[in-house]
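Structural features, examined
Given next are the chains, with one letter for each unit.
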Amino acid sequence: MDLFDKKKNEEIKKMGGRRGGGFNILSSDSTDGHGGYGAGTLNLNNISPVIVDPEGGDAFVDMGALHARSEIEKRIKFLKNKEEVPNGRLYWLVWVTVDHRDGKPYYAGVAACEMTVDKEIRRGYKSLPEHVNNMDRSLKRKLVVDKMDDKSKQILAEFLQSHSEEMWKNSDEDLHQALSTT
């Protein structure tokens, strides 16, 4: 984890630890339509990676995941074949995009990616193309949580609500229904 990610994670911990922790919220955007330098570049200022741990019953923001350096991913060699990590612990990396509508912040895009990690053998499974594509889908305000199990959806829903009840209420009903386990 580089110095920037360490500082960002420390800021998140100061704002309430693992469960309270800080989403990136829109900052000044250099691509606001002027067409000059930076126009057309990918802006990650409004996306945050949330790690959902269904076994631990927890969810938390880990900014290191933006560069595949989250606490979960450290010192793990990731393999392309899921069967090579039969005892891996399931985690979900969820890309959460925040935006504003009518001057109110809301969860605009949510896209989950499966990841398994076996710390004992220091091996894991994840599909890098899926992680990249789902990050893009989240940035495009899409909802991709259909592969998540009900327990993981519930943990994510509770985390998003506890982070900001206002953003949860301002979010589309599609998100509420997709994360509903009833």
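Below you will find a few notes about this structure.

Conventions used here
- Residues numbered from 1 in each chain as written.
- Predicted model: local features only at pLDDT ≥ 70, side-chain atom pairs only at ≥ 80, totals over all residues.
- Heavy atoms only, no water.
- Helix = DSSP H or I, 4+ residues; strand = E, 2+ residues; numbered from the N terminus.
- Expected span 1.5 Å × (residues − 1).
- Buried < 20%, exposed > 50% of the residue type's maximum accessible area, 1.4 Å probe, protein only.
- Contact = heavy atoms within 4.5 Å.
- Patch = residues over 30% accessible without salt bridge, like charges linked within 9 Å, V, L, I, M, F, W, Y side chains within 5 Å.
- Areas by Shrake-Rupley, 256 points an atom, 1.4 Å probe, with all protein chains shown as cover.
- Salt bridge = Lys/Arg side-chain N within 4 Å of Asp/Glu carboxyl O.
- Lys, Arg positive; Asp, Glu negative; His and termini not counted.
- Charge placed at Lys NZ, Arg CZ, Asp CG, Glu CD.
- Polar contact = N/O pair within 3.5 Å; in protein donor to acceptor, adjacent residues only side chain to side chain.
- Core = buried A, V, L, I, M, F, W, Y, C linked by side-chain atoms within 4.5 Å.

1. Quick notes on helix 3 (residues 128-139)
- Under the 1.5 Å per step criterion, the end-to-end length of helix 3 is 17 Å for 12 residues, consistent within 8% with the ideal 16 Å.
- Inspection of helix 3 places Glu130, His131, Asn134, Met135, Ser138 and Leu139 among the buried residues, and these make up the whole buried set.
- Among the structural elements, strand 1 (47-53), strand 4 (89-101), strand 5 (104-118), strand 6 (123-126) and strand 7 (143-144) are those in contact with the buried residues of helix 3.
- At the exit of helix 3 stands Arg141, carrying a positive phi of roughly 65 degrees.

2. Looking at a positive patch on the surface
- Among the surface-exposed residues, Arg75, Lys77, Lys119, Arg122 and Arg123 lie close enough to one another that they form a single positively charged patch.
- According to the relative accessible area criterion, Arg122 is partly exposed, its value standing at 48%.

3. Overview of the environment of Asn134
- Residue position: Asn134 is located in helix 3.
- Judged by relative accessible area, Asn134 falls into the buried class, the value being 3%.
- Considering only alpha carbons, one finds Asn134 and Ala112, 22 residues apart in sequence, at a separation of 6.9 Å.
- Excluding its chain neighbours within four sequence positions, the residues that come into contact with Asn134 are Trp95, Ala111, Ala112, Cys113 and Val144.
- Within the local environment of Asn134, its side chain forms a polar contact with the side chain of Arg137, the two groups lying 2.7 Å apart.

4. Overview of helix 4 (residues 150-163)
- Taking 1.5 Å of rise per residue, the 14 residues of helix 4 would be expected to cover 20 Å, and the 20 Å separating its terminal C-alpha atoms lies within 8% of that figure.
- Those residues of helix 4 that fall on the buried side of the exposure criterion are Ser152, Lys153, Ile155, Leu156, Ala157, Phe159 and Leu160.
- A side-chain oxygen of the first residue of helix 4 lies 3.3 Å from the backbone nitrogen of Lys151; this N-cap is Asp149.

5. Quick word on the side chain of Lys153
- Inspection of the secondary structure puts Lys153 in helix 4.
- Within the buried core, Lys153 has no salt-bridge partner, and the shortest N-O distance to an opposite charge, that of Asp150, equals 4.6 Å.

6. What about the environment of Glu71?
- If you trace the backbone, Glu71 turns up in the loop between strand 2 (58-61) and strand 3 (77-79).
- Spatially, the C-alpha atoms of Glu71 and Ile51 are 9.6 Å apart, while their sequence positions differ by 20 residues.
- Of the polar contacts made by the side chain of Glu71, one reaches the side chain of Lys74; its length is 3.0 Å.

7. Considering the nonpolar core
- The biggest cluster of nonpolar side chains holds 38 residues, and the ones touching the most others in it are Val50, Val52, Val94, Tyr107, Leu156, Leu160 and Leu179.
- Of all the secondary structure elements, the ones that give two or more residues to this core are strand 1, strand 2, strand 4, strand 5, helix 3, helix 4 and helix 5 (165-170).
- Looking at which element gives the most residues to this core, the answer is strand 4, with seven residues.

8. Thoughts on unusual backbone geometry
- The phi dihedral of Ala68 is positive, around 60 degrees, even though this residue is not glycine.
- Positioned with a positive phi, Arg122 is a non-glycine residue whose angle comes to about 55 degrees.
- Along the chain, Arg122 turns up in the loop between strand 5 and strand 6.

9. Quick look at the pattern of salt bridges
- Taken as a whole, this structure holds nine salt bridges when the rule is applied.
- Notably, a salt bridge pairs Arg89 with Glu55, separated by 3.9 Å at the nearest N-O pair. On the criterion of sequence distance, the pair formed by Arg89 in strand 4 and Glu55 in the loop between strand 1 and strand 2 is long-range, its members being 34 residues apart.
- According to the relative accessible area criterion, Glu55 is exposed, its value standing at 59%.
- Of the charged contacts, one joins Arg101 and Asp172 as a salt bridge, the two residues approaching to 3.0 Å between their closest N and O atoms. Here Asp172 lies in the loop between helix 5 and helix 6 (173-178) and Arg101 lies in strand 4, a separation of 71 residues in the sequence.
- Via salt bridges that share partners, Asp53, Glu55 and Arg89 belong to a single interconnected network.

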